[in-house]
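Read off the chains here:
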Amino acid sequence: ASHISGLASGTSLLFPHVVELAQGGDQDSIHLRRDFEAHAAAGRVSIICAGGAGHEPMMSGFVGAGLLTASITGALFASPSPGAILRAIAASTGHGGCLLLVKNFPGLQFNCSVAAQRAQAEGIQCEIVTIADDVGCPGSPRGLAASVLALKAAGACAEAGGDLAAVAAAARAIGERAKTIGAALRWRGADWLFEIGVGIHGEPGATEL
């Protein structure tokens, strides 16, 4: 935990355009673009993405103008809590609303959905776009590399003054068209196996060759 919190603090020290929000009781880290208040006051759509630690520079490395407004990082390979995600939404979102870009992992999906519902109950416009571009894992495709392309498209739209519907449509267009396949070599016994559909957390592939 100390290494992860140190990494979170180091991000805001290394990159002057990023600030770290004070942690809540859950110890998840939140990073925002330094001008997040002006961004929200101007009616720009806030774009937020969350994920577990261990995938750096995802997500805090993609916070900035034309990209993410805020990122939330949980423990190692673990989703941040709904409370942390809600704090990021509340801190960074103005009357333009916010878009939650969610990679298709069960825990992350659940926690982001809970946070979005709480935000909506508090009167904050909030929409979710799910990224599920992994074609190597049929039935339950994960969100992988298309997340970066989606946040760039959505971020450019938001920076240009697009409303929430337009920003969500930009991200959704990427999510629906981009396809990613995970592959890796594994040593088993006396042979190398080529696995298709390997997960970024070391999940076994769906197919072995």
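Residues numbered from 1 in each chain as written. Predicted model: local features only at pLDDT ≥ 70, side-chain atom pairs only at ≥ 80, totals over all residues. Heavy atoms only, no water.

## Comments concerning the side chain of Asp134
Condition: Secondary structure elements are defined from DSSP: runs of H or I of at least 4 residues count as helices, runs of E of at least 2 residues count as strands, and each element is numbered from the N terminus. Contacts described as polar in this section are N or O atom pairs within 3.5 Å, which, within protein, must combine one atom able to donate a hydrogen with one able to accept it, while residues neighboring in sequence count only if both atoms come from side chains. The criterion used for residue contact is that any of the two residues' heavy atoms lie within 4.5 Å.
Inspection of the secondary structure assignment puts Asp134 in the loop between strand S6 (126-131) and helix H5 (146-159). Of note is the side chain of Asp134, whose polar atom sits 2.9 Å from the backbone nitrogen of Gly136. Of note is the side chain of Asp134, whose polar atom sits 3.0 Å from the side chain of Arg142. Once residues lying within four places of it in the same chain are set aside, the contact partners of Asp134 are Pro141, Arg142, Leu144, Thr180, Ile181 and Gly182.

## With respect to the pairing of strand S5 (residues 98-103)
Rule in force here: The buried label goes to any residue with under 20% of its type's maximum accessible area, the exposed label to any with over 50%, and the partly exposed label to all in between, with areas taken from a 1.4 Å probe on protein chains only. Pairing between two strands is assigned when DSSP locates at least 2 bridges connecting them.
With six of its six residues buried, S5 lies for the most part within the structure. In S5, alternate side chains face the same way, and those of Cys98, Leu100 and Val102 on one face and Leu99, Leu101 and Lys103 on the other are all buried. Across four bridges, strand S3 (residues 46-53) lies against S5 in parallel orientation. Its bridge partner being in S5, Cys49 is matched across the sheet by Leu101. Strand direction decides the pairing type here: S5 and S6, joined by six bridges, are parallel. Directly across from Leu99, in S6, lies its bridge partner Glu127.

## Digging into helix H4 (residues 106-121)
For clarity, the threshold we go by: Given the number of residues in a helix, its expected span is that number minus one, multiplied by 1.5 Å.
Between the first and last C-alpha of H4 there are 23 Å, a value that for 16 residues agrees with the 22 Å anticipated at 1.5 Å per step. Those residues of H4 that sit buried are Leu108, Gln109, Asn111, Cys112, Val114, Ala115, Ala116 and Ala119. Residues of H4 that are buried sit in contact with S3, helix H3 (82-92), S5 and S6. Downstream of H4 by a residue or two, Gly123 has a phi angle that is positive, lying close to 90°.

## A short note on the nonpolar core
Rules: Here, nonpolar core means buried Ala, Val, Leu, Ile, Met, Phe, Trp, Tyr and Cys residues that are tied together by side-chain atoms lying within 4.5 Å of each other.
Of all hydrophobic cores here, the largest spans 25 residues; its most connected members are Ile47, Leu68, Leu99, Leu101, Val129, Val167 and Ala171. Looking at this core, the element that brings in the most residues is H5, giving six residues. In contact with Leu99, not counting residues within four places along its chain, are Val45, Ser46, Ile47, Ile48, Glu127, Ile128, Val129, Ala154, Leu164, Val167, Ala168 and Ala171. Counting residues in hydrophobic clusters, the runner-up holds 24 residues, among them Ala70, Ala84, Ile89 and Leu108.

## Brief notes about the sheet that holds strand S4 (residues 70-76)
Keep this limit in mind: Working convention: axes come from line fits to C-alpha atoms, limited for helices to the stretch in contact. Angles between N-to-C directions cover 0 to 180 degrees.
One open sheet accounts for six strands, arranged S1-S2-S4-S3-S5-S6; its pairing is mixed. Lying at the two open borders of the sheet, with one neighbouring strand each, are strand S1 (18-21) and S6. Within this sheet the neighbouring strands show an average axis-to-axis angle of 25°, counted without direction. By the bridge criterion, five bridges tie S3 to S4 in an arrangement that is parallel. Paired with Gly51 across the bridge in S4 is Thr73.

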